[in-house]
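The chain contents come next:
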Amino acid sequence: MLEKLLAGYSPQEGRYDELLDEHGKPRQQWETFIGSLLGREGAEVGETLSLMEREIHASGITYNVYADPKGSDRPWEVDPLPLLLSEAEWQQIEEGIAQRAELLNLVLADIYGPQKLLSDGQIPPPVVFGHSGFLHQAQHARPPGGIHLFHYAADLARSPDGKWWVVGDRTQAPSGAGYALENRLIVSRVFPQMFHDLHVQHLASFFDAWRESLLRWAPKGDGSPLVVVLTPGPYNETYFEHALLARYLGFPLVEGGDLTVRDGRVWMKTVEGLKRVHAMLRRQDDNFCDPLELRSDSALGVPGLTECARRGSVLICNALGAGVIESSALLAYLPALSRTLLDEPLKLPSVATWWLGEEAALAEAWDRLDRLIIKPLDRALPEPALFGADLDAAARKALWARIKRRPSRYVAQEWVRVSQAPVLERDHGDRGELVSARTVGLRVFAVATPDGYRVMPGGLARVAGDGDSRVIAMQRGGRSKDTWVLSETPVNASFSLLTTTVKPDDLISPTANLPSRGAENLYWYGRYGERCDATARLLRVNIAGVLDEQAEQAIEATPAALLADRFGLIDCDDEQIGLQLLRAATHPQEGLSMQLSQLLRCAFNLRDRMSADNWRSLNQLVDDPIFTRGLNSPLGLPLAMVWLDKAVTSMMTLSGFALDGMTRGLGWRFLSIGRRVERLSTLCAVLQVAINEGRTQRLDWLLALNDSTVTYRSRYLVAPEWLPVLDLLLRDAANPRSIGFQLKGLHEYVLKLESRHGPFAGVELTAAVEALRGFDVRDLDPESEALANLLGQLQRCARAVSDELSLKFFSHASSRSMLSLAA
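Residues numbered from 1 in each chain as written. Predicted model: local features only at pLDDT ≥ 70, side-chain atom pairs only at ≥ 80, totals over all residues. Heavy atoms only, no water.

Draft legend 1. Summary view of the overall build of the chain. Of regular secondary structure, the chain possesses 29 helices and 21 strands. Burial analysis of the chain (823 residues in total) assigns 57% to the buried set. For the chain, restricting intrachain contacts to residue pairs at least 6 apart in sequence, the fraction spanning at least 24 positions comes to 71%. Summed over its atoms, the accessible surface of the chain is roughly 35200 Å², and 51% of this surface lies on carbon and sulfur atoms. (Helix = DSSP H or I, 4+ residues; strand = E, 2+ residues; numbered from the N terminus. Buried < 20%, exposed > 50% of the residue type's maximum accessible area, 1.4 Å probe, protein only. Contact = heavy atoms within 4.5 Å. Areas by Shrake-Rupley, 256 points an atom, 1.4 Å probe, with all protein chains shown as cover.)

Draft legend 2. Structural context of the packing of helix α4 (residues 87–111) against helix α12 (residues 334–341). For the pair α4 and α12, the least separation of the axes is 10 Å and the interaxial angle reads 80°. Taken as axis vectors, α4 and α12 run roughly perpendicular relative to one another. Contact residues: Gln99, Arg100, Leu103, Leu104, Leu106 and Val107 in α4; Leu334, Leu337, Ser338 and Leu341 in α12. Tallied by class, the residues present in the contact of α4 with α12 amount to seven nonpolar, two polar and one charged. (Axes fitted to C-alpha atoms, helices over the stretch in contact; angles between N-to-C directions. Parallel < 35°, antiparallel > 145°, perpendicular 65-115°, else oblique. Nonpolar A, V, L, I, M, F, W, Y, C, P; charged D, E, K, R; others polar.)

Draft legend 3. A look at the sheet that holds strand β12 (residues 315–317). Overall, parallel pairing links the four strands, which are arranged β7-β6-β11-β12 in an open sheet. The sheet terminates laterally at β7 (253–254) and β12, the two strands that pair on one side only. The pairing of strand β11 (residues 279–282) with β12 spans three bridges and is parallel. Across the sheet, the residue bridging to Leu281 is Cys317, located in β12. (Pairing = 2+ DSSP bridges.)

Draft legend 4. Examining the sheet that holds strand β13 (residues 353–355) more closely. Sheet architecture is open: four strands sit in the order β13-β16-β14-β15, paired in antiparallel fashion. The outermost strands of the open sheet, each flanked by one partner alone, are β13 and β15 (386–387). For strand β14 (residues 372–376) and β15, the ladder comprises two bridges, and the chain directions are antiparallel. Looking at the pairing, Ile374 lines up with Leu386 of β15.

Draft legend 5. Broad picture of the pairing of β14. The buried count for β14 comes to four of five residues, which makes it a mostly enclosed element. Relative to strand β16 (residues 410–414), β14 is paired through five bridges, and the arrangement is antiparallel. Looking at the pairing, Lys375 lines up with Val411 of β16.

Draft legend 6. Geometry of the side chain of Ser338. As for its placement among the helices and strands, Ser338 is situated in helix α12. By relative accessible area, Ser338 is classed as buried at 0%. Here Ser338 is in contact with Gln99, Leu103, Asp343, Glu344, Pro345 and Leu346, once residues within four sequence places are set aside.

Draft legend 7. Highlighting helix α14 (residues 393–405). Compared with the 18 Å implied by 1.5 Å per residue over 13 residues, the 19 Å span of α14 between its first and last C-alpha is a close match. Capping the start of α14 is the job of one residue whose side-chain oxygen sits 3.2 Å from the backbone nitrogen of Ala394: Asp392. (Expected span 1.5 Å × (residues − 1). Polar contact = N/O pair within 3.5 Å; in protein donor to acceptor, adjacent residues only side chain to side chain.)

Draft legend 8. Expanded view of the environment of Phe207. Along the chain, Phe207 turns up in helix α9 (residues 204–217). Classification of Phe207 by relative accessible area gives buried; the value is 0%. A sequence separation of 26 residues divides Phe207 from Leu181, and the C-alpha atoms of the two residues are 9.3 Å apart.

Draft legend 9. Focus on the confidence of the model for the chain. Across the chain, pLDDT averages 86, with 86% of residues at or above 70. Segment residues 505–510 is flagged for pLDDT under 50; beyond a separation of four residues in sequence, or across chains, it makes four contacts in the model. Confidence drops under pLDDT 50 across residues 813–823; counting only partners more than four residues distant or on other chains, this segment forms 14 contacts. (pLDDT = per-residue confidence, 0-100.)

Draft legend 10. How the structure looks around the nonpolar core. Trp210 and Trp484 are the most contacted members of the largest nonpolar core, which has 227 residues in total. Sort the elements by how many residues they give to this core and helix α22 (residues 666–693) lands first, with 14 residues. Discounting residues that sit within four places of it in the chain, Trp484 has contacts with Phe33, Pro82, Leu83, Leu84, Leu85, Arg184, Val187, Phe191, Met194, Phe195, Leu198 and Val200. (Core = buried A, V, L, I, M, F, W, Y, C linked by side-chain atoms within 4.5 Å.)

Draft legend 11. Structural detail: the environment of Thr439. Summarising the element assignment, Thr439 is placed in strand β18 (residues 433–449). Exposure remark for Thr439: the relative accessible area of 2% places this residue in the buried category. For the pair formed by Thr439 and Ala421, sequence separation is 18 residues and the distance between their alpha carbons is 6.4 Å. Looking at Thr439, its side chain comes within polar contact range of the side chain of Arg15, at 3.2 Å.

Draft legend 12. Looking closely at α12. Considered for burial, the residues of α12 that qualify are Leu334, Leu337 and Ser338. Along the long axis of α12, the arc covered by the buried residues comes to 105°, so they all point the same way. Looking at the buried residues of α12, the elements they touch are α4, α5 (116–119) and β5 (164–170). Of the residues one or two after α12, Asp343 is the one with positive phi, at around 60°. (Arc of directions from axis to C-beta.)

Draft legend 13. Spotlight on unusual backbone geometry. The omega torsion across Cys317 and Asn318 is 0°, close enough to zero to call that bond cis. In this fold, Asn318 is placed in the loop between β12 and α12. Phi is positive for His140, which is not a glycine, with a value near 65°. Mapped onto the elements of the fold, His140 is located in the loop between α6 (125–129) and β4 (151–158). Among the residues examined, His140 registers a relative accessible area of 57% and is labelled exposed.

Draft legend 14. Summary view of the packing of helix α19 (residues 612–622) against helix α21 (residues 637–660). It is the contact of α19 with α21, at a shortest axis distance of 10 Å, that shows an interaxial angle of 170°. In this view, α19 runs roughly antiparallel relative to α21, as classed from their interaxial angle. The hand of the α19/α21 crossing is left-handed. Contacts between α19 and α21 involve Asp613, Asn614, Ser617, Leu618 and Leu621 from the former and Trp643, Lys646, Ala647, Ser650, Met651, Thr653, Leu654 and Phe657 from the latter. For the contact of α19 with α21, a count of residues per class yields seven nonpolar, four polar and two charged. (Left-handed = near helix turned anticlockwise from the far one by under 90°.)

Draft legend 15. View of the pattern of salt bridges. Within the structure shown, the criterion is met by 39 salt bridges. Ionic pairing is found between Asp533 and Arg537, a salt bridge with its closest N-O pair at 3.0 Å. One end of the pair is Asp533 and the other is Arg537, both in helix α15 (residues 516–549) and four residues apart, which spans about a single turn. Across the pair, Arg537 and Asp533 agree in class, each one buried. (Salt bridge = Lys/Arg side-chain N within 4 Å of Asp/Glu carboxyl O.)

Draft legend 16. View of the state of the cysteines. This structure, assessed with the given rule, holds zero disulfides. Distance from the sulfur of Cys797, which forms no disulfide, to the nearest cysteine sulfur (Cys684) is 8.9 Å. (Disulfide = S-S within 2.5 Å.)

Draft legend 17. Expanded view of the packing of aromatic side chains. Applying the stated criterion across every chain, the model contains 23 aromatic pairs. Arranged with centres 5.4 Å apart and planes meeting at 80°, the rings of Phe195 and Trp484 form a pair that is edge-to-face. Pair noted here: Phe195 is in helix α8 (residues 192–197) and Trp484 is in strand β21 (residues 479–485), with a separation of 289 residues, a long-range link. Exposure class is identical for Phe195 and Trp484. Each is buried. Summarising the aromatic geometry, the rings of Phe206 and Phe207 are spaced 5.4 Å apart at their centres and angled 85° between planes, so their arrangement reads as edge-to-face. Note on Phe206: relative accessible area 0%, which makes it buried. (Phe/Tyr/Trp six-rings, centres within 6.5 Å; stacked < 30°, edge-to-face > 60°.)

Draft legend 18. Up close: a negative patch on the surface. Among the surface-exposed residues, Asp571, Asp573, Asp574 and Glu575 lie close enough to one another that they form a single negatively charged patch. Of note, Asp574 is situated in the loop between α16 (559–566) and α17 (577–586). When its relative accessible area of 34% is taken as the criterion, Asp574 is described as partly exposed. (Patch = residues over 30% accessible without salt bridge, like charges linked within 9 Å, V, L, I, M, F, W, Y side chains within 5 Å. Lys, Arg positive; Asp, Glu negative; His and termini not counted. Charge placed at Lys NZ, Arg CZ, Asp CG, Glu CD.)

If you want it as structure tokens, here you go:
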């Protein structure tokens, strides 16, 4: 069995193997795991892969790869086999990372303080000032607690002798901790018994320390500390991680536009007014953080944030300018700096590095070029790393010319044949699942605490995309792994971020900390949801009519078709209405698909507020086999009807989440207002087309479109007639598909908001409610001018509510008035 499982696994000479020892036997920490894996049937191993893929896709775990043919929101790739590390081995890594974080924090404090290390020559000035991460605007900044480097990550690789080396430091806005957490949640579910039996150390205590440290060092004043997660937005490659961290740590997820600076402090724009931000977990690069002092063309930052950093009025994790110590050249000077600043040797060595700005280092590096990698000092520079062994004579000459022009911008690093680890993958032949070998690296994380730096017991293991790759990068198709740090004794499995004691003063109102952008996204999520539902129902009614006529190529322009024309789904001047309807139902860039993409985009902006079940329902909808088949090959109308039936059912499920799964707070109210506004506007348009274009037509389509056929038949034993149909769809406040029902609910929601935030749209709504209430039943006639006027008034009312809501809660034209509210 072992031979079959490892048939595709081949240890390489001169490279450390994480799985097998020098005798080809599983290493001690792997024996139990491999034994358990062998105990699974072949089909069960395949099901393990399928289970993980379904879980990742259903949960919407993504990593945005720019210009990827698979799409920007590429599913996160996780290998089910974890990287196993013994307790003794991890202790050495842990001590080395904690020491290194402390050292780098002291270096940062000197760079942005007295600069003694620079003046003494212990760090060559070009190593700092020649790096884009150095911000002179951050000079003499006063980070709360003196912590410049709050969150630190290091990229490690294991050399052939089994020792771990640091190959890079990540200090600006280190990513990966959230993905490491998600990997743990997925893999521990796949191997729950092994996870327990191997005494794997848990991650929750690390994130608890992170959260508590942010709250502890946040500046005091203006109420309880408010911590936010600052993201560049949903188009960032790691946006999923930003939303995950915000949800897991319990902090609001905000973009630059959600924040403003007033009186030297940072405030969050909420629907309740401006609220002081005491600390922020920054997930965007330095230069984009402040268009006033840093990158002026940035639309992602907060004007004035740099001044707040200098004053120390907000804790920024990490401090602005922390990216300067990502300078690759700094690795060459850390051993000496450790002895100077810590009076102890560096516990975890860096890969051998030469800064080519020194003539002696350049000469030495060029003599051993075949064993080195040449790369720019600054990762921001658009130059690839070059392997010296790959360069022919002409390439070497060109490289030498570039280096000689500006030697201070280049470094040379030893090329180490790093270790390989097992991955589980499907064999495209008939051998089922096989274990293969891939180059592996490990990113580990540390966070500052009052007791020193705390290191996550594990990390984000990354493997190359193929067996021949020498570069590990998620942007180049790499995969990730969970990292299991094994303990010799059972671990405390009861610890959770949810075990803290909540005091009466800590109770949080359901109206607290809802950013204006979040409220706006909830509002439009409600509107787009209703728009998708209406589009699917309208297409279904039209296609049913086509099928009844037994003609897919042409059909008379019915009222339902004219309504589809009004909504931009088809063109009734084109005789091939049936084909147009099919296109509107299944084309990836038109009709229903376009509406769904808008709904998904809005939902993605709400990742930190959306339940897992809600997100799974959305993904199941757009991944329906019939729909995805239709995107690649034309469907017939009958299959399109099946897809539309599923779409309508899914939209009702999503509505159910809002009705039954959300607390009745401000977020729910904005979402509900969005739904009511959209449905009210749509119903008015539907009735307008019906009475203008379909006075002589049967009304079955109108009842079917508004999901009121059963209600009508339960009340009337006659075929649909205008008087009862209009009464049901216009005046009946008990029918969820009526205008009266939408208007009543919308009026109640708006009055609730106005009672707390002041008037903004109640006058128009009250007038509309009174107009409907006083409407004479004798005017329920398609030829009635009073009916046409009423529908026009109601439609204008819906638009007015939407406009006034946006001005009041989303645009914040009067920030000073909001500041007075906050005070």
